[in-house]
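# Topology and contacts: notes
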Amino acid sequence: MYREILKKAVDGAFLDKTEIAVLLAPPDEAAEGELFQAAQGLKRELFGNLVNLRGLVEFSNICTRDCLYCGIRKSNSKVTRYVMSMDEIVHGAALAGEFGYGSVVLQSGERSDAAFADLVEEILFRIGELPYKPGITLSCGEQSLATYLRWRKAGAKRYLLRIESSSESIYRAIHPAETTLAARKAALERLKEAGYQTGSGVMIGLPGQSTADLAGDIDFFRTMDLDMIGMGPFIPQADTPLGKSGPDLPGMAEQRLKLSLRMIAVTRLVLRDVNIAATTALQAIDPVSGRERGICAGANVIMPNVGDTAFRKDYQLYNGKPALDENAESIRTQLIGSLAAIGEVPRFHEDGDPPHYFRRMANAGI
Ligand code: SAH
C-alpha cells in the first residue's frame, strides 16, 4: 500500500490527507529510502542539481511576542536585545550579493510599531542602491496590509511567515492567548494580496503533534497555494516554557530530524514546484550534514548566515544553534564543499524565484 501511494504521488495524482499521513510514516527503511529518492528525483527534474542560496541577516531580536517555544520571546530576560546598525545590515546584504547568493533574507523578532516599519523600509531602500543588489525576502512577522504593501513597494519581493502549526489545538498550546492561528492565517492572506512570493512552514515534532497533524499542515500549504516552504524540527530552548522540561532524551532530536526529512520529502511530492528550504534547525541537530540531508530529501534552498558573528549568540531561537562563531566567508566555503559531496551545486547570481509563483499568477490572470 505504501508503494502504491508513493507511485501516485510521483505521478502527480491528488493525495488526500489520509494518504499524505501514510506517506509520512514509511513502514521500513527501504520504503523511507524510496520516499527520499522520489522526492530528490522530482527536485532534480524541476531544478536540476542546483541549490539556491539566500544570505540570512538576523537584524534584530527585539520581540513583542511571547511564543512558548522561542528563545527570543519577550519575557526571556537572559537575552541581550539588539538592533544591528543600518551599515551592519546593509553590509550583510552586500556580502550576499558579492558571494553570488542572489538573494538575502532579513529576519527579526516581531514588532509592529511605526519606527519599525520605517526602519525596514529604509533598509530596503539602502539595499536597493547596492551594486550587486540581491533579491530581498522579509521574515518580520504579522503586519498590516498597509505595511506589507509599503515594504513590497520598497523592494521586498518574498516573505516568510510560518504558521508554526495548522492545528488549532497545537497552535493554542504553544502560544499565549492573544497570539491566534486565525490572525496568522489572515496575515498570510494579506501577504498574498500584497503580491509577495509567499512562504510558510511549521515546526516538526512539537509536543502532542501526530502524523495526521503534519499531514494537515501539508494540506494547509496546498490549500493556501504557497510558493515557498521552510520547516524544521522543534528544538527545546532551555529558557522557554516549552523547553523547561529539560533537554531531549537521547535519540529524540534525531527522531525529530528524521521526521522533518520525511516532511520535506512528502511536501515536495505534494506541492511540487515550490521552493523548499533545508533549514538551520536541521543543521542544529546534525551539524555535519543536516541541511545536506534536507537537500537529499527534496529541498532546494539553503540560507547561510551572512550577518556579523557578534550578534549570533543573541539570536538563539533554540539551543545548539550552529556556526555561532563562523564568519560568512568560511560558511560559504564549507557549504560549497558539502554540496559537492552530494552532487549538488550552488546556483550563483540568480535569485531563484519559485516557479510556483508564476503558475499562481498565471492562474489568477495576472
Ligand atoms: N518573528 C518572525 C521570525 C523569527 S522566528 C516571525 O514571526 O515570523 C523564525 C522561526 O523560528 C519561527 O517562525 C519558528 O518556527 C522558529 N523557531 C522558534 N523557536 C524555535 C524552536 N525552539 N525550535 C525550532 N524552531 C523554532
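Predicted model only: the values in this text are computed from it and were never measured.

In terms of nonpolar packing, the biggest core is built from 106 residues, with Phe59, Leu106, Leu124, Leu138, Trp151 and Tyr159 touching the most fellow members. Ranked by the residues each element gives to this core, the list is headed by helix 10 (residues 252–271), at 10 residues. Leu138 has contacts with Leu106, Val120, Leu124, Trp151, Ala156, Arg158, Tyr159 and Leu160, leaving out every residue within four places of it along the chain. With seven residues, the next largest nonpolar core counts Met228, Ala277, Val301 and Met303 among its residues.

It is worth spelling out the pattern of salt bridges at this point. Applying the stated criterion to the full structure yields 30 salt bridges. Glu19 is paired through a salt bridge with Lys8; the nearest N and O atoms lie 2.7 Å apart. Of this pair, Glu19 sits in helix 2 (residues 17–24) while Lys8 sits in helix 1 (residues 2–10), and the two are 11 residues apart along the sequence. Residue class for Glu19 comes out buried when judged on its relative accessible area of 17%. According to the relative accessible area criterion, Lys8 is partly exposed, its value standing at 32%. Residues participating in the shared-partner salt-bridge network are Arg65, Glu110, Glu142, Glu164 and Arg184.

For the ligand, the set of nearby residues contains 19 residues, the closest of which are Tyr69, Glu110, Arg162, Glu164 and Ile235. At a separation of 2.8 Å, an oxygen atom of the ligand approaches a polar side-chain atom of Arg162. Protein contacts shield 92% of the accessible area of the ligand, which totals 550 Å² for the unbound molecule. Comparing atom positions with the cavity grids shows the ligand to sit within the largest cavity. For the shell around the ligand, the class distribution of residues is 10 nonpolar, five polar and four charged.

Before going further, it helps to spend a moment on the packing of aromatic side chains. Under the criterion given, the structure shown has eight aromatic pairs. Summarising the aromatic geometry, the rings of Tyr82 and Phe311 are spaced 4.7 Å apart at their centres and angled 40° between planes, so their arrangement reads as tilted. Here Tyr82, found in the loop between strand 2 (55–60) and helix 4 (86–98), pairs with Phe311, found in the loop between strand 10 (301–302) and helix 13 (328–341); they are 229 residues apart in sequence, far enough to count as distant. We note that Tyr82, like Phe311, is buried.

The next subject is helix 9 (residues 211–224). Helix length check: helix 9, at 14 residues, gives a terminal C-alpha distance of 20 Å against a target of 20 Å (1.5 Å per residue), a fit within 8%. Across the 14 residues of helix 9, 10 count as buried, placing the element largely inside the fold. Buried within helix 9 are the following residues: Leu214, Ala215, Gly216, Asp217, Ile218, Asp219, Phe220, Phe221, Arg222 and Met224. Of the surrounding secondary structure, the elements contacted by the buried residues of helix 9 are helix 2, helix 8 (181–193), strand 7 (203–204), strand 8 (228–233) and helix 10. Note on helix 9: the residue one or two positions beyond its end, Asp225, has a positive phi of about 60°.

Attention now moves to the packing of helix 1 against helix 3 (residues 29–47). Contact geometry for helix 1 and helix 3: axes closest at 11 Å, N-to-C directions at 0°. Classified by the angle between their axes, helix 1 and helix 3 sit roughly parallel to one another. For the pair helix 1 and helix 3, the contacting residues are Tyr2, Arg3, Leu6 and Val10 in the first and Ala30, Ala31, Glu34, Leu35 and Ala38 in the second. When the residues that make up the contact of helix 1 with helix 3 are grouped by side-chain class, the tally is seven nonpolar, no polar and two charged.

In this section: the layout of surface pockets. A volume near 290 Å³ is recorded for the largest pocket. Forming the boundary of the largest pocket are 22 residues, of which Gln283, Arg291, Pro322, Ala323 and Ile331 lie nearest the centre. Residue assignment for the lining of the largest pocket shows that the elements contributing at least two residues are strand 2, helix 11 (280–285), helix 12 (290–296) and helix 13. Of the residues that constitute the lining of the largest pocket, the class distribution is nine nonpolar, seven polar and six charged.

Before going further, it helps to spend a moment on the pairing of strand 9 (residues 275–278). The alternating pattern of strand 9 places Asn275 and Ala277 on one face and Ile276 and Ala278 on the opposite face, and all of these are buried. When strand 8 meets strand 9, the two strands line up parallel, connected through four bridges. Residue pairing for strand 9: Met228 is matched across the bridge by Asn275.

Cut-offs applied
- Residues numbered from 1 in each chain as written.
- Predicted model: local features only at pLDDT ≥ 70, side-chain atom pairs only at ≥ 80, totals over all residues.
- Heavy atoms only, no water.
- Core = buried A, V, L, I, M, F, W, Y, C linked by side-chain atoms within 4.5 Å.
- Buried < 20%, exposed > 50% of the residue type's maximum accessible area, 1.4 Å probe, protein only.
- Helix = DSSP H or I, 4+ residues; strand = E, 2+ residues; numbered from the N terminus.
- Contact = heavy atoms within 4.5 Å.
- Salt bridge = Lys/Arg side-chain N within 4 Å of Asp/Glu carboxyl O.
- Near = heavy atom within 4 Å.
- Polar contact = N/O pair within 3.5 Å; in protein donor to acceptor, adjacent residues only side chain to side chain.
- Areas by Shrake-Rupley, 256 points an atom, 1.4 Å probe, with all protein chains shown as cover.
- 1 Å grid on protein atoms, 1.4 Å probe; cavity = no way out; pocket = protein on both sides within 12 Å on 5 of 7 lines; lining within 4 Å.
- Sits in = over half its atoms within 2 Å of the grid points.
- Nonpolar A, V, L, I, M, F, W, Y, C, P; charged D, E, K, R; others polar.
- Phe/Tyr/Trp six-rings, centres within 6.5 Å; stacked < 30°, edge-to-face > 60°.
- Expected span 1.5 Å × (residues − 1).
- Axes fitted to C-alpha atoms, helices over the stretch in contact; angles between N-to-C directions.
- Parallel < 35°, antiparallel > 145°, perpendicular 65-115°, else oblique.
- Points joined across faces, edges and corners; volume = space filled by probe spheres on them.
- Pairing = 2+ DSSP bridges.

Geometric descriptors of this kind do not, in isolation, establish any biological role.
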